[in-house]
Amino acid sequence: VDPDSVTHVFNITDKIGCVMTGLLTDSRAQVQRARQEASEFRFKYGYSIPCAVLAQRVADINQVYTQHAQMRTLGCHMILISVDDEAG
């Protein structure tokens, strides 16, 4: 695969990545928000955020965007990729 053709694959943490589809600007904003959430979790609890927790947190944040008229919903989809240390 040509590395220049892969533009929608991002690292969230050293163990979590994601694939984005949709508008690239919305995708980058979503990735930045996920990185922020992962960083805050690590600072608060002292260990890396599990993928399921990050997915739930991002989903909860995006749900708020659908409930307020002044907020535009994001035109992208995020698929998180990770290997869980506990569940495999």
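S.K.: Would you take a moment to explain the packing of aromatic side chains for this structure?
M.R.: What characterises a pair of aromatic rings is the spacing of the ring centres plus the angle enclosed by the ring planes. Following the criterion strictly, the structure yields two aromatic pairs and no others. Relative to Tyr45, the ring of Phe41 lies with its centre 4.6 Å away and its plane at 45°, an arrangement referred to as tilted. Of this pair, Phe41 and Tyr45 both sit in helix H1 (residues 24–45), four residues apart, roughly one helical turn. By relative accessible area, which is 13% here, Phe41 ends up buried. Relative accessible area serves as the criterion here: at 46%, Tyr45 is assigned to the partly exposed category. Ring centres of Phe41 and Tyr47 lie 5.4 Å apart, and the angle between their planes is 90°; this geometry places the pair in the edge-to-face category.

S.K.: What am I meant to see in the environment of Leu24 here?
M.R.: Considering the arrangement of structural elements, one finds Leu24 in helix H1. Along the primary structure Leu24 and Ala55 are separated by 31 residues, whereas in three dimensions their C-alpha atoms are 19 Å apart. Apart from residues no more than four positions distant in its own chain, Leu24 is found in contact with Thr7, His8 and Phe10.

S.K.: Could you clarify how one ought to interpret H1 in this entry?
M.R.: Residues three or four positions apart in an α-helix share a direction because the helix packs 3.6 residues into each turn. For H1, with 22 residues, the first-to-last C-alpha span of 31 Å sits near the 32 Å given by 1.5 Å per residue. Within the sequence span of H1, burial applies to Asp26, Ser27, Gln30, Val31, Ala34, Glu37, Ala38 and Phe41. Down the axis of H1, the buried side of the element spans an arc of 135°, and every buried residue falls inside it. Across H1 from its buried face, at more than 90 degrees, point the exposed residues Thr25 and Phe43. The secondary structure elements touched by the buried residues of H1 are strand E1 (9–11), strand E2 (16–22), helix H2 (51–67) and strand E3 (76–82).

Quick notes on the rules
- Residues numbered from 1 in each chain as written.
- Predicted model: local features only at pLDDT ≥ 70, side-chain atom pairs only at ≥ 80, totals over all residues.
- Heavy atoms only, no water.
- Phe/Tyr/Trp six-rings, centres within 6.5 Å; stacked < 30°, edge-to-face > 60°.
- Helix = DSSP H or I, 4+ residues; strand = E, 2+ residues; numbered from the N terminus.
- Buried < 20%, exposed > 50% of the residue type's maximum accessible area, 1.4 Å probe, protein only.
- Contact = heavy atoms within 4.5 Å.
- Expected span 1.5 Å × (residues − 1).
- Arc of directions from axis to C-beta.

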